[in-house]
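# Descriptive structure summary
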Amino acid sequence: MTDQTPKRRGRPPKARPEETPAPAAPAPARKARAKAAPALPEPTFIPERLTVHAGLILLEVQDPADLDALLSDTRLSPHVAERLAPTFALLRPGTDAAALDALRRAGHTPRVNGGQP
């Protein structure tokens, strides 16, 4: 038999102050099983004033020329408040049914998303 030191069992002995090891780097965080949501990008600007309008009615067309023609039509132009983009226009509040009626009388077949009219 060889002379071997028996294995120590139980808790390791407390470290003495002169033997205190340097702190170890923190363990890496475990990966979550579900994918975490991507971080939102930093805003490119911070508005001084932000206004949210509920219940607005947008008119959208596929071609800017179509919106030009609709805005020049005297049956629909009274219902348009403002042109927002080449293919979007904002209708005046409360004129959604009248605007749809004017579009249908002009021979258009509007598709309504999310509303009752």
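Notes on the structure in this doc start here. For clarity, every value in this text was computed on a predicted model and none was experimentally measured. (Residues numbered from 1 in each chain as written. Predicted model: local features only at pLDDT ≥ 70, side-chain atom pairs only at ≥ 80, totals over all residues. Heavy atoms only, no water.)

### Looking at the environment of Arg92
What counts is decided by this rule: The numbering of helices and of strands both runs from the N terminus, where a helix is a DSSP run of H or I of at least 4 residues and a strand a run of E of at least 2. Contact definition: two residues touch when any of their heavy atoms are within 4.5 Å.
Mapped onto the elements, Arg92 comes out in the loop between β3 (88-91) and α2 (96-105). As a C-alpha pair, Arg92 and Glu82 span 10 residues in sequence and 8.4 Å in three-dimensional space. Residues within four places of Arg92 in sequence aside, it is in contact with Pro78, His79, Val80 and Ala81.

### Details of the pairing of strand β2 (residues 80-85)
Short version of the rule: Any two strands with at least two DSSP-identified bridges between them are counted as paired.
Across 4 bridges, β2 lies against β3 in antiparallel orientation. Pairing of Glu82 across the sheet is with Leu90, part of β3. Here β2 folds back onto β3, and the loop between the two strands holds 2 residues.

### A closer look at the layout of surface pockets
Rule in force here: Site definitions follow a grid-based scheme: protein atoms alone, a 1 Å grid, a 1.4 Å probe that fits but cannot get out for cavities, and for pockets an open set with protein on both sides within 12 Å along at least five of seven lines, plus lining residues having an atom within 4 Å of a point. Grid points are joined across faces, edges and corners, and a volume is the space filled by probe spheres set on the points. Amino acids outside the nonpolar list (Ala, Val, Leu, Ile, Met, Phe, Trp, Tyr, Cys, Pro) and the charged list (Asp, Glu, Lys, Arg) are all regarded as polar, and Gly is one of them.
Taken as a whole, the largest pocket encloses approximately 760 Å³ of empty space. What lines the largest pocket is a set of 24 residues, among which Leu58, Leu59, Glu60, Arg111 and Val112 lie closest to the centre. Within the residue set of the lining of the largest pocket, elements represented by two or more residues are β1 (57-60), α1 (64-72), β3 and α2. Within the lining of the largest pocket, the residues separate by chemical class into 15 nonpolar, 5 polar and 4 charged.

### Concerning the nonpolar core
The condition that has to hold: Buried residues of nine kinds, namely Ala, Val, Leu, Ile, Met, Phe, Trp, Tyr and Cys, make up a nonpolar core once their side-chain atoms join them within 4.5 Å. Partly exposed residues are those whose accessible area sits between 20% and 50% of the maximum for their type, while under 20% is buried and over 50% is exposed, using a 1.4 Å probe and protein chains only.
Core analysis: the largest hydrophobic core is formed by 10 residues, namely Leu59, Val61, Leu67, Leu70, Leu76, Val80, Ala89, Leu91, Ala99 and Leu103. Among the secondary structure elements, those contributing two or more residues to this core are α1, β3 and α2. Other than its neighbours up to four places away in sequence, Leu103 contacts Leu59, Leu70, Leu76, His108 and Pro110.

### Digging into the pairing of β3
The sheet contact formed by β1 and β3 spans 4 bridges and is antiparallel. Bridge assignment links Leu58 to a residue of β3, and that residue is Leu90.

### Remarks on the side chain of His79
Inspection of the secondary structure assignment puts His79 in the loop between α1 and β2. We classify His79 as buried; its relative accessible area is 15%. Residues within four places of His79 in sequence aside, it is in contact with Leu91, Arg92, Thr95, Ala98, Ala99 and Ala102.

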